[in-house]
Amino acid sequence: MSPQTFSGLYIHIPFCRTKCPYCDFYSCTDLHFVHAFTAALEKEILFYCTSFPSADTLYLGGGTPTALPDAALSDIMASVRKQIAISTDAEITIEANPNDLSREKLAHLRSLGFNRLSIGVQSFDDAMLQFLGRRHTADEARRSIDFAREAGFDTISIDLMYALPGQSREGWTATLNEALRFSPEHLSCYQLTIKEGTPFFDCARMAAFQPCAEQDEAEFFMFTSAFLEERGYGHYEVSNFARAEKFQARHNSKYWEHKLYLGLGPSAHSFDGRRRWWNVRSVEGYIEKLLGAADETPDVIRQETMPAGGSELLTDEQLRMEALMLGLRTRRGIELEHVLTFPHASATLQRLQAEGLLIVSSNRATPTTHGLLLADSLALRFVE
Amino acid sequence: MQQIRNFSIIAHIDHGKSTLADRLIQHAGLSNDRQFRDQILDNMDIERERGITIKSQNCALNYTAKDGKEYHLNLIDTPGHVDFSYEVSRALASCEGVLLLVDAAQGVEAQTLANLYAAMEHNLEIIPVINKIDLPAADVERVKEEIMDELGLDAEAALKCSAKAGIGIDEIFEAIVERIPPPTGDPAAPLQALIFDANYDPFRGTVISCRIFEGTIKAGDIIRFMSNGATYKVEDVGVFRLKLEKHKQLSAGEVGYIIAGIKTVSDTRVGDTITNDANPAATAVHGFVEPKSMVFSSVYPISSDDYPSLVEALEKYKLNDAALEYEKDSSAALGMGFRCGFLGLLHLEIVQERLEREFNQSIIMTAPSVQYKFTLKNGQNIIVDNPQYYPDPTTIDIAEEPYVKISIIIPERYMGVVMKLCMDRRGLNSKFHYPSTGRIEINFEMPLAEIVYDFYDRLKSVTQGYGSFDYDFIGHRESELVKVEILVNHEPVDALSIIVHKENARARGLQICERLEKEIPRQMFKIIIQGAIGGTIIARSTINPYRKDVTAKCYGGDISRKRKLLEKQKEGKKRMKMVGNVEIPQKAFVSVLKSVED
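Residues numbered from 1 in each chain as written. Chains lettered and ligands numbered in written order. Predicted model: local features only at pLDDT ≥ 70, side-chain atom pairs only at ≥ 80, totals over all residues. Heavy atoms only, no water.

Engineer: Honestly, the overall build of chain A in this entry has me stumped. Any pointers?
Structural biologist: Per the secondary structure count, chain A includes 15 helices and 15 strands. Sequence separation of at least 24 residues holds for 71% of the intrachain contacts in chain A that already meet a minimum separation of 6. For chain A, the accessible area works out to roughly 15500 Å², and carbon and sulfur atoms hold 52% of it. (Helix = DSSP H or I, 4+ residues; strand = E, 2+ residues; numbered from the N terminus. Contact = heavy atoms within 4.5 Å. Areas by Shrake-Rupley, 256 points an atom, 1.4 Å probe, with all protein chains shown as cover.)

This is the structure in structure tokens:
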């Protein structure tokens with residue numbers, strides 16, 4: 001790792017007040033661990049700061065970062081800023097749950113330097129919110145966005161979910177229209193994915209509800225893209241839309257552009273261009289590893305005390321595959337130079353262009369909307 | 001020479017041949033208990049898994065008989081399945097006697113008879129041995145009656161043993177010594193050595209298994225193959241123990257190996273006679289049956305880049321399996337490959353498995369076909385075993401397909417279901433007789449194509465494994481044939497087309513379409529599968545495309561998992577074949593061959 005390599009910093013806040021039945025991100029609902037967690041995180045920052053001295057994007061995700069008490073959030077931001085230079089024009093994002101966003105909370109977030117707010121609204125339909133197990137109502141969501149604007153957040157992203165069981169096109173359109181009333185700079189629209197290990201997975205298996213049919217998912221997707229594009233939102237990644245290019249998520253784009261990032265906190269992943277490693281998926285394990293061993297020499301933090309969950313060293317071939325599959329998820333697409341390193345790529349490009357899934361220009365191959373809908377198959381077409 | 005005995009063990013499948021062979025070897029002190037693996041002679045994985053012997057293996061045993069003399073016994077192991085009667089015939093030509101093994105519970109079965117007739121053709125001494133006498137279901141008296149009535153042998157001369165429990169082994173050794181005649185031949189006569197097997201050793205080249213009928217062979221001799229006149233210098237001769245054991249020479253009456261620096265594997269023809277170049281024999285050894293291919297199928301590499309590797313694998317494979325015939329073939333759908341001739345369906349399956357396992361080939365095999373004869377309106381006669389070369393139907397005057405006479409022995413209670421099965425498969429001219437109380441032998445004349453298809457599987461299924469089965473080719477007969485083509489997205493997949501009897505065409509076409517529908521994964525576009533005779537569509541199915549194939553979220557923690565999935569799919573793709581723009585997995589081609597229990 002050379003000092004300049006990293007620029008994206010992710011911190012995973014592993015706490016939620018309640019667990020949502022569809023979510024498979026790591027979090028725990030026992031907030032007693034918060035204090036020890038912030039101490040452990042401070043130590044992890046200290047270990048990495050020499051190889052990661054500065055950042056131009058910072059992203060607090062979770063979990064529910066806004067579930068943390070103000071003091072804990074202050075401590076975390078102080079720890080970061082003490083060790084890592086955050087550039088003045090940095091994108092500093094925090095994920096928020098609508099009913100955590102009081103005026104006071106929002107003012108505090110502004111004071112800590114957050115300039116982008118990603119609000120987990122999910123739906124403006126109370127029945128859907130209830131189905132999703134969310135702890136807020138549509139009204140609370142509306143109010144939280146108004147408060148955020150008042151507090152001075154001029155970059156707001158709204159998270160929405162669609163292709164829900166029983167959801168109609170009209171219902172989804174209503175939610176989209178509600179969101180657009182706030183002129184958010186950014187929208188993330190996720191199709192519900194039923195993942196193994198979540199309560200929804202068991203529900204679907206026991207036929208407690210009927211997941212959206214693939215054909216309908218496809219129609220929802222094409223509709224959403226066209227609907228938002230018509231209203232000025234660029235569909236720049238499979239699930240992401242921005243009101244202008246400058247509002248595209250800078251931090252998240254680093255993942256799709258295969259750039260380097262450091263992830264701190266339980267279950268967070270890091271990538272240094274060759275190696276990827278990830279932390280243990282447990283708050284207790286994370287805390288114990290970082291704080292468990294008494295330091296003989298507090299100034300020197302040893303690699304062994306890092307809460308590693310695993311790592312992999314990527315081969316050139318694997319790096320090429322990742323860059324391809326990530327690139328094909330975005331409207332930037334992928335450089336032809338890169339694509340052409342795959343066998344029979346020109347023939348595949350021609351076919352995909354003929355099938356209306358890719359547009360090939362002089363130096364890039366970019367997926368069409370229909371291509372984004374089939375992005376995983378697209379990548380597979382190139383590997384053999 | 002008086003102290004040499006050359007013998008084989010012949011039996012119906014599962015009557016305990018390999019177990020007896022192992023017991024004899026162990027008894028002769030060649031392997032102690034610690035070394036003893038079950039069924040030493042079945043040394044291929046497939047043989048162990050399927051419990052059948054495919055390749056003949058040989059072993060020299062020393063035995064001190066009750067007369068105080070030491071005897072040199074050469075055991076020549078033989079395959080036990082109907083498809084391999086050719087290999088049995090080669091082994092039998094090298095023997096003076098056989099142990100005819102009969103299961104004490106099962107009694108005489110179809111292959112017991114077939115094997116007996118083969119041994120009789122070679123004028124061999126036959127020693128009936130009733131095996132598995134320790135089984136609770138053993139009925140030695142009934143089996144003795146069958147030996148007398150069915151086989152026409154002296155039942156009182158039958159030995160009783162349990163190879164598994166080691167009972168009666170001494171008596172078998174004594175009978176071999178007393179009843180099987182010693183070989184004849186003149187060690188001083190011109191050399192006549194019969195090749196009955198050959199193996200390829202990557203370090204030493206071809207290892208020839210042979211029986212010396214006349215003369216003597218030693219290292220340094222210049223030998224000549226009588227079929228093609230090729231000459232080689234002998235490097236090494238010896239006998240088979242569990243490994244090769246070098247000897248100074250091999251003389252008339254002996255069985256052993258010859259290594260003569262033969263690098264080009266196709267130079268060795270099993271069935272050929274080796275003689276001395278300087279002092280040649282006047283004639284070659286008689287008594288060999290040329291292998292006759294009954295079933296034909298094409299083999300293609302999944303990736304056309306692997307064609308050279310397949311060429312090499314087939315060349316090496318062929319050395320160990322003289323019965324396999326192959327020639328170059330090409331398909332519009334599958335590229336360059338080989339048309340292969342097999343002894344039967346099991347032989348085909350074994351070749352396929354061995355090419356994949358032992359030679360690491362990823363291959364696709366086409367639906368098995370038999371050899372059809374066509375007389376065209378212009379008087380020309382043609383033979384077709386490959387649907388690709390099916391003549392223009394308007395030019396055909398007479399079409400003929402091969403018929404076989406089948407013999408099935410079953411417990412009486414299965415008679416109804418077996419009769420129905422045979423009639424459904426166009427069986428004709430049935431005959432029955434009762435070899436013993438409660439059992440029935442059924443004969444039918446039937447098209448070979450019906451057997452090749454899935455007859456044996458069906459027979460085993462309807463008789464719950466109690467049916468024993470054998471068949472003999474009886475000639476071609478006039479028939480109404482059609483070619484069914486399979487089209488994937490309107491492109492004919494030549495490798496999937498089949499020649500069938502007119503009445504079976506629709507059912508087979510539908511079945512192939514349905515199986516392909518199940519095995520071809522959804523792709524990004526709609527796939528239409530059709531069966532057609534000429535321009536007429538007789539069967540159809542469709543595979544709907546992916547509507548959506550993308551995960552909603554892909555952030556820092558998702559990338560590894562997604563890449564791993566892609567890597568796994570990439571591996572899966574290696575086993576796919578592109579036909580037009582459709583990816584067809586290897587298992588789709590295989591599924592077309594397989595029978596399904598209904």
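Engineer: Explanation requested: the overall build of chain B in the structure shown.
Structural biologist: Across its full length, chain B holds 13 helices and 33 strands. Taking all 598 residues of chain B together, 58% fall into the buried category. Relative to all contacts within chain B whose residues are 6 or more apart in sequence, the contacts with residues 24 or more apart total 69%. Accessible surface for chain B amounts to roughly 24600 Å². Of this, 48% is attributable to carbon and sulfur atoms. (Buried < 20%, exposed > 50% of the residue type's maximum accessible area, 1.4 Å probe, protein only.)

Engineer: Would you mind going over the pattern of salt bridges with me for this structure?
Structural biologist: Between side chains of opposite charge, pairing is possible as soon as their charged atoms come close. Taken as a whole and judged by the stated rule, the model has 51 salt bridges over all chains. Its salt-bridge partner being Arg103 of chain A, residue Glu150 of chain A comes within 2.9 Å of it at the nearest N-O pair. Here Glu150 of chain A is found in helix α5 (residues 138-150), whereas its partner Arg103 of chain A is found in helix α3 (residues 103-111), with 47 residues between them in sequence. Between Glu185 of chain A and Arg149 of chain A there is a salt bridge whose closest N-O contact spans 3.1 Å. Linking Glu185 of chain A in the loop between α6 (169-181) and β6 (186-191) with Arg149 of chain A in helix α5, this pair joins segments that are 36 residues apart in sequence. Salt bridges here are not isolated pairs; linked through shared partners, they connect Arg276, Glu312 and Glu322 of chain A together with Arg563, Lys564 and Glu567 of chain B. (Salt bridge = Lys/Arg side-chain N within 4 Å of Asp/Glu carboxyl O.)

Engineer: Looking at this model, I keep getting lost on the sheet that holds strand β20 (residues 363-365) of chain B. Mind explaining?
Structural biologist: Sheet strands associate in pairs through backbone hydrogen bonding, adopting either a parallel or an antiparallel arrangement. Residues and elements named next belong to chain B. Overall, antiparallel pairing links the four strands, which are arranged β18-β19-β17-β20 in an open sheet. A single partner strand is all that each edge strand has here, and the edge strands are β18 (325-331) and β20. Direction aside, the axes of adjacent strands within the sheet are offset by 30 degrees on average. Here β18 runs beside strand β19 (residues 335-342); their pairing, made up of seven bridges, is antiparallel. Across the sheet, residue Glu325 finds its bridge partner in β19, namely Gly341. Of the strands in this sheet, β17 (295-301), β18, β19 and β20 are in contact with helix α7 (residues 307-320), which crosses β19 at around 15 degrees. (Pairing = 2+ DSSP bridges. Axes fitted to C-alpha atoms, helices over the stretch in contact; angles between N-to-C directions.)

Engineer: Looking at this model, I keep getting lost on the interface of chain A and chain B. Mind explaining?
Structural biologist: It is common to give the size of an interface as the accessible area lost on bringing the parts into contact. Counting from both sides, the interface comprises 42 residues of chain A and, opposite them, 27 residues of chain B. In total, about 3500 Å² of surface goes out of reach between chain A and chain B, with carbon and sulfur atoms giving 58% of it. Where chain A meets chain B, there are seven salt bridges. Here Glu322 of chain A makes a salt bridge to Arg563 of chain B, at a shortest N to O gap of 2.7 Å. (Buried area = accessible area lost by both parts, 1.4 Å probe.)

Engineer: Please explain the sheet that holds strand β14 (residues 358-360) of chain A as it appears in this structure.
Structural biologist: Residues and elements named next belong to chain A. In space, the three strands of this open sheet follow the order β13-β15-β14, with antiparallel pairing throughout. Edge positions in the sheet fall to β13 (334-335) and β14, since each of these pairs with one other strand and no more. The sheet contact formed by β13 and strand β15 (residues 364-367) spans two bridges and is antiparallel. Counterpart to Ile334 in the pairing with β15 is Ala365.

Engineer: Looking at this model, I keep getting lost on the packing of aromatic side chains. Mind explaining?
Structural biologist: The geometry of two aromatic rings is summed up by the distance between their centres and the angle between their planes. A full pass over the atoms with the stated rule returns 27 aromatic pairs over all chains. Their ring planes at 90 degrees and their centres at 5.4 Å tell us that Tyr326 of chain B and Phe338 of chain B sit as a pair that is edge-to-face. On the criterion of sequence distance, the pair formed by Tyr326 of chain B in strand β18 and Phe338 of chain B in strand β19 is long-range, its members being 12 residues apart. What makes Tyr326 of chain B partly exposed here is its relative accessible area of 27%. Looking at Phe338 of chain B, the relative accessible area reads 4%, which means it is buried. What links up through ring pairs into an aromatic cluster is the set Tyr236, Tyr255, Trp256, Tyr261 and Phe271 of chain A together with Tyr555 of chain B. Between Arg169 of chain A and the ring centre of Phe223 of chain A, over which it is positioned, the NZ or CZ distance is 4.6 Å. Between Arg320 of chain A and the ring centre of Phe342 of chain A, over which it is positioned, the NZ or CZ distance is 4.6 Å. (Phe/Tyr/Trp six-rings, centres within 6.5 Å; stacked < 30°, edge-to-face > 60°. Lys NZ or Arg CZ within 6 Å of the ring centre and 35° of its normal.)

Engineer: Hey, could you run me through the packing of helix α1 (residues 17-27) of chain B against helix α6 (residues 169-179) of chain B in this one?
Structural biologist: Two numbers describe a pair of packed helices, the interaxial angle and the distance between the axes. Residue and element names in this part refer to chain B. Viewed as axis vectors pointing N to C, α1 and α6 meet at an angle of 85 degrees, and their least axial separation amounts to 11 Å. Relative to α6, the element α1 lies roughly perpendicular. On the side of α1, the interface is formed by Leu20, Arg23, Leu24 and His27, while α6 contributes Ile169, Asp170, Ile172 and Phe173. A per-class count over the contact of α1 with α6 returns five nonpolar, one polar and two charged. (Parallel < 35°, antiparallel > 145°, perpendicular 65-115°, else oblique. Nonpolar A, V, L, I, M, F, W, Y, C, P; charged D, E, K, R; others polar.)

Engineer: Looking at this structure, how should I read the pairing of strand β23 (residues 396-411) of chain B?
Structural biologist: It is a general feature of regular strands that their side chains alternate between the two faces of the sheet. Residues and elements named next belong to chain B. Counting buried residues in β23 gives 13 out of 16 residues, a clear majority hidden from the surface. As judged from the four bridges shared by strand β21 (residues 372-376) and β23, these two strands associate in the antiparallel manner. Bridged to Lys373 within β23 is Glu400. Here β23 pairs with strand β26 (residues 468-478) via 10 bridges, running antiparallel.

Engineer: How should I be thinking about the pairing of β15 of chain A in this particular structure?
Structural biologist: Residue and element names in this part refer to chain A. By the alternation rule, side chains of β15 split into Arg364 and Thr366 and Ala365 and Pro367, which are all buried. Relative to β15, β14 runs antiparallel, the two sharing three bridges. In the strand pairing of β15, Val360 is matched with Ala365. As consecutive antiparallel partners, β14 and β15 are separated by three residues.

Engineer: Whenever I open this one, helix α1 (residues 34-48) of chain A confuses me. Can you help?
Structural biologist: Since the α-helix advances by 3.6 residues per turn, residues separated by three or four positions end up pointing in the same direction. Residues and elements named next belong to chain A. The terminal C-alpha atoms of α1 lie 21 Å apart, and with 15 residues this matches the ideal 21 Å at 1.5 Å per residue to within 8%. All of the buried residues in α1 are Val34, Phe37, Thr38, Ala40, Leu41, Lys43, Glu44, Ile45, Phe47 and Tyr48. Among the structural elements, β1 (8-13), α2 (70-83), β9 (261-264), β11 (275-279) and α10 (283-292) are those in contact with the buried residues of α1. (Expected span 1.5 Å × (residues − 1).)

Engineer: Can you walk me through the confidence of the model for chain B in this structure?
Structural biologist: Parts of the model with low pLDDT should not have their predicted coordinates read in detail. All names here are of chain B. Summary statistics for chain B give a mean pLDDT of 85 and a share of 91% for residues scoring 70 or more. Overall, residues 38-42 carries pLDDT values under 50, and its contacts beyond four positions in sequence, including any with other chains, amount to 24 contacts. Note that pLDDT drops below 50 for residues 50-56; the model gives that stretch 39 contacts with residues more than four away or on any other chain. Our summary of model confidence lists the complex with pTM equal to 0.65 and ipTM equal to 0.93. (pLDDT = per-residue confidence, 0-100.)

Engineer: For this particular structure, what's the right way to read the environment of Arg116 of chain A?
Structural biologist: Residue and element names in this part refer to chain A. In this structure, Arg116 sits in strand β4 (residues 116-122). By relative accessible area, which is 4% here, Arg116 ends up buried. Sequence separation between Arg116 and Tyr59 is 57 residues; the distance between their C-alpha atoms is 9.2 Å. Not counting residues up to four positions away in its chain, the partners in contact with Arg116 are Tyr59, Glu91, Ile92, Thr93, Ile94, Phe153, Thr155, Ser157, His186 and Ala249.

Engineer: Teacher, can you tell me more about the environment of Leu132 of chain A here?
Structural biologist: Residues and elements named next belong to chain A. Checked against the element boundaries, Leu132 lands in the loop between α4 (126-131) and α5. Look at Leu132 and you get buried, because its relative accessible area is 0%. Separated by 112 residues in sequence, Leu132 and Cys20 place their C-alpha atoms 6.7 Å apart. What Leu132 contacts, discounting residues up to four positions off in sequence, is Cys20, Pro21, Tyr22, Gln122, Met161, Leu164 and Phe200.

Engineer: Help me understand the nonpolar core, please; the structure alone is not making it clear to me.
Structural biologist: In globular proteins that are soluble, nonpolar side chains generally tend to be buried together. One finds Leu9, Ile11, Leu117, Leu160 and Leu187 of chain A to be the most contacted residues of the largest nonpolar core, which totals 79 residues. The element contributing the most residues to this core is α1 of chain A, with seven residues. Two domains each provide a minimum of three residues to this core, namely domain 1 (7-256) and domain 2 (316-382) of chain A. Ranked by size, the runner-up nonpolar core spans 74 residues in total, among them Phe271 and Leu349 of chain A together with Ile302 and Ile520 of chain B. (Core = buried A, V, L, I, M, F, W, Y, C linked by side-chain atoms within 4.5 Å. Domains from an automatic or database assignment.)

Engineer: Hey, could you run me through unusual backbone geometry in this one?
Structural biologist: Note on backbone geometry: most residues besides glycine have negative phi, and most peptide bonds are trans. Residues and elements named next belong to chain A. A cis amide bond, omega 20 degrees, links Gly62 with the succeeding residue Gly63. In this structure, Ala163 takes a positive phi of about 60 degrees despite not being glycine. Under the relative-accessibility criterion, Ala163 is labelled buried at 2%.

Engineer: What is the right way to look at α3 of chain A in this model?
Structural biologist: Residues and elements named next belong to chain A. For α3, the full list of buried residues reads Lys105, Leu106, His108 and Leu109. The buried side chains of α3 occupy one side of the element, clustering within an arc of 160 degrees when seen end-on. Exposed side of α3, more than 90 degrees from the buried face: Glu104 and Ser111 are the residues found there. Elements in contact with the buried residues of α3: α2, β3 (85-96), β4 and α5. Downstream of α3 by a residue or two, Gly113 has a phi angle that is positive, lying close to 100 degrees. (Arc of directions from axis to C-beta.)

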